[in-house]
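Here is how the chains run, residue by residue.
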Amino acid sequence: QVQLVESGGGLVQAGGSLRLSCAASGRTFSSYAMGWFRQAPGKEREFVAAISWSGGSTYYADSVKGRFTISRDNAKNTVYLQMNSLKPEDTAVYYCAAVFSGSWYQPEPSGYDYWGQGTQVTVSS
């Protein structure tokens, strides 16, 4: 079993920044790839970013490319999502997720094995 706990969400003005953290426990952190997803009210959960087991490879949704950065610290069992130049349309609940097998890049929620509880990000205009 893997437990994932997100933190760092909050209310920020457009153009501002937030850094989300996702702390993992239960299995060797470096054995699974990680992803961030978000879900706005009335919308489906959508892919934001993914990072490989070692952190050497990353992938971003077009909507956040150039503004968000995913990273991981395997010594701290934590994955991060640095979000800059935030827009009102970034408002959503953000979730981290872990995948153990197959490709490290999983753009669909069904590709992940474990999920955190989510953290709310609200961007005001």
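A brief structural summary. In this numbering scheme, every chain counts its residues from 1 along its sequence in written order. Per-residue local features of the predicted model are confined to residues with pLDDT of at least 70, and side-chain atom pairs are confined, for both listing and counting, to 80 or more; whole-chain, interface and lining totals are unaffected and use all residues. To get the side-chain values, all heavy atoms of the structure are used, and hydrogens and water are removed first.

Right, let's talk about the pattern of salt bridges for a bit. Any carboxyl oxygen of Asp or Glu that lies within 4 Å of a side-chain nitrogen of Lys or Arg is treated as forming a salt bridge with it. For the structure shown, the criterion picks out four salt bridges. One salt bridge in this structure joins R38 and E46, with 2.6 Å as the shortest N-O distance. Linking R38 and D90 is a salt bridge whose minimum nitrogen-to-oxygen distance equals 2.9 Å. Of this pair, R38 sits in strand 4 (residues 33-39) while D90 sits in the loop between strand 8 (78-83) and strand 9 (92-99); the two residues are 52 residues apart in sequence, bridging distant segments of the chain. Helical segments are the DSSP runs of H or I of at least four residues, strand segments are the runs of E of at least two, and each set is numbered from the N terminus.

DSSP bridges decide pairing: two strands pair if at least two such bridges lie between them. Reading across the sheet, the four strands line up as 1-3-8-7 and stay open at both edges, with antiparallel pairing between neighbours. Edge positions in the sheet fall to strand 1 (3-7) and strand 7 (68-73), since each of these pairs with one other strand and no more. Taking each pair of neighbouring strands and ignoring which way they run, the sheet shows an average axis angle of 15°. As paired strands, strand 3 (residues 18-25) and strand 8 are joined by six bridges and run antiparallel to one another. When the bridges of strand 8 are listed, R19 appears paired with Q82. Orientation is described by axes fitted as lines to C-alpha atoms, over the contacting stretch for helices, and by angles from 0 to 180 degrees between their N-to-C directions.

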